[in-house]
Amino acid sequence: MGEKIAMGFHVCVDYELQWDTAVMESLIRSYDIHDADLKMKHDPESERSAVIACLAYLKAGVGCEMVPETSEICENFANHFEYRITIGGTASRAAIAISKLGYSSALRACCYNQYIRDLLPDRIQLFSSIGTDHEAVYPHVVLQCAGGVHIQANDIDFVTPRENRVMLSRDIDSIEMHVSVDFAPMIRDAEVFLLSCFSEVLDRDILEDRLQSTRQLLKTLPENALIVAEDGHYIKEELRHLVHQSLASVVDILSMNEDELQEYIGRRIDILNAETVLKALEYTAKQSGFSTILVHSSKWAVAYGKLSGIMQSALEGGIAMAATRFRLGDEFGEADYDETMRLTDSESGWDFCDQLRALAGDRVCCLPCKDMSYVKVPTVVGLGDFFAGGLLPGLLIENR
């Protein structure tokens, strides 16, 4: 109790695969996959289908989260690679991120098992929605790949256009996403609440129930608390709109990455074209109903709308946190974060921000990301989660 930063509810176990081109090319040959087979798919029904979808997303340079028919498909795919087990989910990774800067937090989790017990830092006050005798593990398999990787087998022959990550999971704990109002006593002093996405929930009735419980829980926050909702990749787009409709009146900021923005507007855009991006922000704000839209991309981060005037410190923190993870993975501390703050900004990001501010004025707060072109072995999984965590200290009352 008494924590100034609180968050929930998506917490999970990740299998972070170590990229191996030879393994991927072997899978292409063993499953007799050809270029004409490559189709983006959200719900692969077999391991072969999952490999095909991963290749399609890697070729297009588009991140994705897929829900195969069974958790065993995820396990079997992972077992072709070397991997390490980590804690995933936006809420938990955000809590881990700020713990590296000395911030404590209260975290409500939708799952619990040995990895949650063993791997979460002591600074995180954990409360499980499903009790502490629950041991099931439904892995979120994370395939990350650098840009410029050449994949060649059968008639498939392409170079990945950018660093990317593709995720596969059939996580029952996340699909059911229990939300407990008994978390209320733990958030009565919170100045910032990070609400991580409901995109894992696939059943409309379950989702409506969880949203109702969430709205009830958020009423216990102090009146001046800020609530940030992290968007996500929704398998069912109509459920994304349901979430937005339910939360727009009670959440202050809707945050999303560049892929989620483009999914929302229904088309791919040039993220360095300021006029096009501004139109996308305007459309998203109008259609979603949120008063402030925050988008984080590989080149810039921008807040658009009502709270843009208080967002600079938060955006600086989010950018620095994501860039620190990008270049150092999990192994960093406060000194590394401070060093990232001093790194050179992206030149193209600066040009974009200047152009956007010229078009939108005080409706936006826009900052360039750091120039990460020198990083040879980047970590691309969890960047949005660490960005979300980096935002939070800058949104505390003392920084507004």
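Located above this text is the structure these notes cover.
Here is what the cut-offs are and how they apply
- Residues numbered from 1 in each chain as written.
- Predicted model: local features only at pLDDT ≥ 70, side-chain atom pairs only at ≥ 80, totals over all residues.
- Heavy atoms only, no water.
- Helix = DSSP H or I, 4+ residues; strand = E, 2+ residues; numbered from the N terminus.
- Rg over C-alpha atoms; globule rule 2.2 N^0.38 Å.
- Buried < 20%, exposed > 50% of the residue type's maximum accessible area, 1.4 Å probe, protein only.
- Contact = heavy atoms within 4.5 Å.
- Pairing = 2+ DSSP bridges.
- Axes fitted to C-alpha atoms, helices over the stretch in contact; angles between N-to-C directions.
- Polar contact = N/O pair within 3.5 Å; in protein donor to acceptor, adjacent residues only side chain to side chain.
- Salt bridge = Lys/Arg side-chain N within 4 Å of Asp/Glu carboxyl O.

Novice: Help me understand the overall build of the chain, please; the structure alone is not making it clear to me.
Specialist: Looking only at helices and strands, the chain has 14 helices and 16 strands in total. Rg of the C-alpha trace for the chain: 20 Å, near the compact-globule value of 21 Å for 400 residues, within the 12% margin. Principal axes of the C-alpha set define a box for the chain whose edges measure 60 × 55 × 40 Å. Within the span of the chain, comprising 400 residues, buried residues form 58% of the whole. Residue pairs at least 24 apart in sequence account for 74% of intrachain contacts in the chain once pairs closer than 6 positions are excluded.

Novice: Honestly, the pairing of strand S13 (residues 253-257) in this entry has me stumped. Any pointers?
Specialist: The buried fraction of S13 is high, at five of five residues. The two faces of S13 match: Ile253, Ser255 and Asn257 on one face and Leu254 and Met256 on the other face are all buried. Sheet topology places strand S12 (residues 226-230) next to S13; three bridges connect them, and they run parallel. Following the sheet pairing, Ala229 is matched in S13 by Leu254.

Novice: Just to check I follow, could you spell out the sheet that holds strand S16 (residues 364-368) for this structure?
Specialist: Strands in a sheet are paired, the pairing made by backbone hydrogen bonds, and the direction either parallel or antiparallel. Spatially, S6-S5-S1-S11-S12-S13-S14-S15-S16 is the arrangement adopted by the nine strands of the open sheet, whose pairing is mixed. Unpaired on one side and paired on the other, strand S6 (124-128) and S16 mark the two borders of the sheet. Ignoring strand direction, the axes of neighbouring strands in this sheet form an average angle of 15 degrees. When strand S1 (residues 5-9) meets strand S11 (residues 192-195), the two strands line up parallel, connected through four bridges. Among the inter-strand pairings, Met7 is bridged to a residue of S11, identified as Leu194. Running at roughly 105 degrees to S13, helix H9 (residues 258-265) makes contact with S13 and strand S14 (292-296) of the sheet.

Novice: In this structure, what is going on with the side chain of Arg165? I would like to understand it.
Specialist: When you line up the elements, Arg165 lands in strand S10 (residues 164-168). Classification of Arg165 by relative accessible area gives buried; the value is 17%. Side-chain polar atoms of Arg165 contact the backbone oxygen of Cys64, separated by 3.5 Å.

Novice: Quick question: what am I supposed to make of the sheet that holds strand S4 (residues 83-88) here?
Specialist: With mixed pairing, the five strands of this open sheet are ordered in space as S3-S10-S7-S2-S4. Edge positions in the sheet fall to strand S3 (64-66) and S4, since each has one partner strand and no second. Strand-to-strand twist in this sheet, taken as the mean axis angle between neighbours without regard to direction, amounts to 25 degrees. Pairing between S3 and S10: three bridges, direction parallel. Across the sheet, residue Met66 finds its bridge partner in S10, namely Leu168. The strands touched by helix H4 (residues 90-99) within the sheet are strand S2 (12-17) and S4, with S4 carrying the most contacts at an inclination of about 90 degrees.

Novice: Any chance you could explain the pattern of salt bridges here in plain terms?
Specialist: Close approach of charged atoms allows side chains with opposite charge to pair. Using the criterion set out here, one finds 24 salt bridges in the structure. Through salt bridges with shared partners, one network takes in Glu16, Arg84, Arg325 and Asp330.

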